[in-house]
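Geometric and topological summary
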Amino acid sequence: MSELKGQCMCGAVIVTATRADPVLRACHCDMCRRWTSSMYMSVPTTPGSIVVTGPVKTYRSSDWAERAFCNTCGSALWYATVHDDHKSLAAGLFDNAANNTMKLEFFSDLKPDGYALTGDHNQIEAVGNAFYAVFYRYARHCDPFLLNRQAKCAKTPRSPGLTL
Ligand SMILES: [Zn+2]
Ligand SMILES: [Zn+2]
C-alpha cells in the first residue's frame, strides 16, 4: 500500500488515493482516443480511497459511465462506472505515472496502426472476447445485464462504435 497524490495540469484539482498494486492500464477505445488524443492510461486504486478537491466537471459518456476533467484546464481526471462510483484515475495526474508499470491494454485491436506500447503485458481485444462483448451489446442498445439470457436489442444501433 502506498499513498498517491496527484494534480491536474493547472494545479486546481488535487487527487489523493491509496494504491494497492503498481499497475498501469491503457484503453484504446474510440472514446478514450478522442478524449485523450491517444489512449487513456489509468492507475487502479483502493475502492473508496479517492479524495478529490477542486473544480471538477463530469461528462456522462454513456448510460453507465462518466468521464471527469478539470473545469479550469481540461485535464482528464477519471473514468468511472456510475452504478458503483468506481473511478479509474488518470495516470497523468501523478509524477512518473505513480511509478507504475504497464500491465494491460484494453481494446488493443482498436489501437491505430501508427504507434504501439512496448514491453510484455496482457492485451484484451474487443472482438471475440466474451466479457467485453457486454460493451458491444450495450453499444447495440441491448441490456448489458442480460448476458446469459435472450437479449432484447433495439433494431437500430445507438452508436456505430463502442459506447463506454
Ligand atoms: Zn486544472
Ligand atoms: Zn476506453
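Residues numbered from 1 in each chain as written. Chains lettered and ligands numbered in written order. Predicted model: local features only at pLDDT ≥ 70, side-chain atom pairs only at ≥ 80, totals over all residues.

So, the overall build of the chain
Rules: Labels follow the DSSP assignment, with helices taken as runs of H or I lasting at least four residues and strands as runs of E lasting at least two, numbered in each case from the N terminus. For the exposure call, what matters is how many other C-beta atoms sit within 10 Å of a residue's own: 20 or more marks it buried, 12 or fewer exposed, and in between partly exposed, using C-beta atoms placed from the backbone. By the convention adopted here, residues are in contact when the distance between their C-beta atoms, placed from the backbone, does not exceed 7 Å.
Along the chain, the regular secondary structure elements total 2 helices and 11 strands. Written out in order from the N terminus, the α and β elements of the chain read β-β-β-α-β-β-β-β-β-β-β-β-α. Sorting the 164 residues of the chain into buried and exposed places 28% on the buried side. Partitioning the intrachain contacts of the chain with sequence separation of at least 6 by distance along the chain shows that 49% fall at a separation of at least 24.

Describing the nonpolar core
The criterion, for reference: Here, a nonpolar core means buried Ala, Val, Leu, Ile, Met, Phe, Trp, Tyr and Cys residues linked by C-beta atoms lying within 7 Å of one another.
By size, the foremost hydrophobic cluster in this structure holds 30 residues, and its most contacted members are Cys-27, Tyr-40, Leu-77 and Ala-90. Within the residue set of this core, elements represented by two or more residues are strand 2 (14-19), strand 3 (23-27), helix 1 (30-36), strand 4 (40-43), strand 7 (65-70), strand 8 (76-81) and strand 9 (86-90). The element best represented in this core is strand 8, accounting for 5 residues. Setting aside residues up to four positions removed in sequence, Ala-90 forms contacts with Met-41, Ser-42, Ala-76, Leu-77 and Trp-78.

Let's talk about the pairing of strand 6 (residues 56-60)
Applicable threshold: Criterion used throughout: strands pair if DSSP finds at least two bridges between them.
Relative to strand 7, strand 6 runs antiparallel, the two being bridged by 5 bridges. Within strand 7, the position partnered with Lys-57 by the bridge is Phe-69. Where strand 6 hands over to strand 7, the hairpin turn is made up of 4 residues, counted between the paired strands.

Some words on the environment of Cys-8
When you line up the elements, Cys-8 lands in the loop between strand 1 (2-7) and strand 2. Each C-alpha atom of the pair Cys-8 and Ala-90 lies 9.6 Å from the other, and the pair is 82 residues apart in sequence. Once you skip the residues sitting within four places of it in the chain, Cys-8 turns out to touch Val-13, Cys-70, Cys-73, Ser-75, Leu-77 and Leu-93.

Re the sheet that holds strand 1
Our working definition: Convention adopted: a line fitted to C-alpha atoms gives each axis, helices being fitted over their contacting stretch, and angles between N-to-C directions are expressed from 0 to 180 degrees.
If you walk across this open sheet you meet the 3 strands as 1-2-5, and the pairing is antiparallel. Strands with a single pairing partner mark the edges of an open sheet, and in this sheet they are strand 1 and strand 5 (51-53). Between one strand axis and the next, the sheet turns through 15 degrees on average, direction left out of account. Where strand 2 lies against strand 5, 3 bridges are found, and the strand directions are antiparallel.

Some thoughts on unusual backbone geometry
Residue Ser-37 is not a glycine yet carries a positive backbone phi of 80 degrees. For Ser-37, the location among the structural elements is in the loop between helix 1 and strand 4. For Ser-37, a count of 7 C-beta atoms within 10 Å translates into the label exposed.

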